Amino acid sequence: GECMRKQGILAFLAAVLCTVLLVGCGGGPQQSGGASGGKNKLVIYTSMKESLIGGIVEGFKKKYPDIEVDYQSAGAGKLMAKIAAEKQSGHILADVIWTSEVPDFYKMKADGVLENYKTPVFGELLNPFDDYDGTFTAARLGTLGIAYNTDKIQSAPTQWADLTQPAFTNAFGIADPALSGTSYMSIALLQKQFGWEFFEKLSANQTRIGKGAGQVIDDTSSGELSACLAVDYITNNKVKKGAHVALAYPPELLVVPSPVAIFKESNNIDAAKKFVDYLLSQEAQTMIANEGTLPVRSDVEIPEKFGLPKPEEALQRAIKVNYTEILPQKEETIKKFTEIIGKK
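Residues numbered from 1 in each chain as written. Predicted model: local features only at pLDDT ≥ 70, side-chain atom pairs only at ≥ 80, totals over all residues. Heavy atoms only, no water.

(A) Quick look at the side chain of E291. Along the chain, E291 turns up in the loop between α11 (282-290) and α12 (311-317). It turns out E291 is buried and unbridged, and the closest side chain with the opposite charge, K240, is 4.2 Å from it. With residues near it in sequence (within four places) discarded, E291 still touches S51, L52, Y233, N236, N237, K240 and F306. (Helix = DSSP H or I, 4+ residues; strand = E, 2+ residues; numbered from the N terminus. Buried < 20%, exposed > 50% of the residue type's maximum accessible area, 1.4 Å probe, protein only. Lys, Arg positive; Asp, Glu negative; His and termini not counted. Salt bridge = Lys/Arg side-chain N within 4 Å of Asp/Glu carboxyl O. Contact = heavy atoms within 4.5 Å.)

(B) Region of interest: the pairing of strand β4 (residues 137-149). Within β4, 13 of the 13 residues are buried, leaving the element largely enclosed by the surrounding structure. Here β4 pairs with strand β9 (residues 254-262) via 6 bridges, running antiparallel. Paired with T143 across the bridge in β9 is V255. Where β4 and strand β7 (residues 227-231) come together, 5 bridges link them in antiparallel fashion. Residue pairing across strands places Y148 opposite A227, the latter belonging to β7. Where β4 lies against strand β8 (residues 245-248), 4 bridges are found, and the strand directions are antiparallel. Counted as the bridge partner of N149 is V245 from β8. (Pairing = 2+ DSSP bridges.)

(C) Representation of the pattern of salt bridges in the model. Applying the stated criterion across every chain yields a total of 16 salt bridges. In this structure, the salt-bridge partner of E339 is K335, at a minimum N-O distance of 3.7 Å. Separated by 4 residues within a single helix, E339 and K335 lie in helix α14 (residues 330-341), roughly one turn from each other. Linked by salt bridges that have partners in common, K41, E68 and D70 make up one network.

(D) Structural context of unusual backbone geometry. The residue N170 is not glycine, and still its phi comes out positive at about 50°. Within the secondary structure, N170 sits in the loop between β4 and β5 (172-175). A residue is classified by how much of its surface remains accessible, and N170, at 35% relative accessible area, is partly exposed. Although it is not a glycine, Q206 sits at a positive phi angle of roughly 60°. Mapped onto the fold, Q206 is located in the loop between α7 (196-204) and β6 (208-210).

Next comes the structure, spelled out in structure tokens:
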């Protein structure tokens with residue numbers, strides 16, 4: 001037995017070593033890119049899911065075949081922790097950041113890590129920020145509605161207060177605001193509009209805290225939840241794949257802009273600017289609209305099937321919030337929400 005165990009360990013070590021070597025050779029040159037390619041590799045950190053970022057990066061590479069692009073998609077919380085760690089160890093590895101947690105951008109701006117870049121197409125865009133100065137630009141107007149399981153809920157909820165009804169008892173989910181930027185933003189908006197009392201009522205109706213923005217939609221689709229607070233395009237992507245889910249938009253609309261920004265210390269400022277311009281172009285904004293979320297251009301058609309308001313109307317209906325005001329309260333808001341709803 002002892003001999004077999006030793007052989008097993010040796011085989012395991014050999015496998016590990018093999019992997020290390022493979023990673024070493026395979027990942028090495030690509031990461032540093034050698035003298036020629038390395039400088040031109042554009043790195044994007046984004047909280048957008050593959051369904052949204054994938055096509056945009058492909059379109060950009062078609063337009064600029066000489067620019068290599070690498071992107072990482074993760075929740076805003078994870079990305080900000082990564083950026084903080086990189087900054088600490090000397091250099092932010094990303095060139096571009098595109099997420100939906102607006103306060104993060106105000107914080108990065110205050111920390112002086114963002115490049116000031118006013119895109120030449122700015123005049124063609126809808127801008128939700130009255131203090132716009134070029135440090136970051138809205139590249140999408142994300143909306144959140146109530147996604148509900150059509151097998152479980154027969155009539156669409158029409159207002160936020162409906163979530164306190166028996167149909168949603170122990171069956172409505174909200175993504176953890178500590179993990180999801182859109183979830184945190186939504187809680188801040190709903191709190192501003194309806195006060196903490198709204199969340200107290202949700203808690204009394206046993207609302208649940210889910211993991212990420214995608215997870216709560218999966219749980220609604222599977223019937224684990226009957227409904228959830230849901231990001232437009234992630235829901236629409238599931239519907240396209242056959243999920244028995246629909247989106248309802250109460251009159252007080254949750255609109256969460258997704259800003260894009262360039263890091264000051266980027267070695268690829270020119271490529272980064274090209275990417276920002278492309279992201280804001282009619283071509284990329286059409287891809288955004290086709291995924292079922294709002295573009296920042298009014299010259300882009302939004303497919304009827306999504307039931308989305310036009311971007312201008314969405315901004316009018318949106319719950320207004322002063323981002324710099326909610327910034328210092330972020331930890332407090334997340335803590336209070338978690339205490340009220342309670343992790344069940």
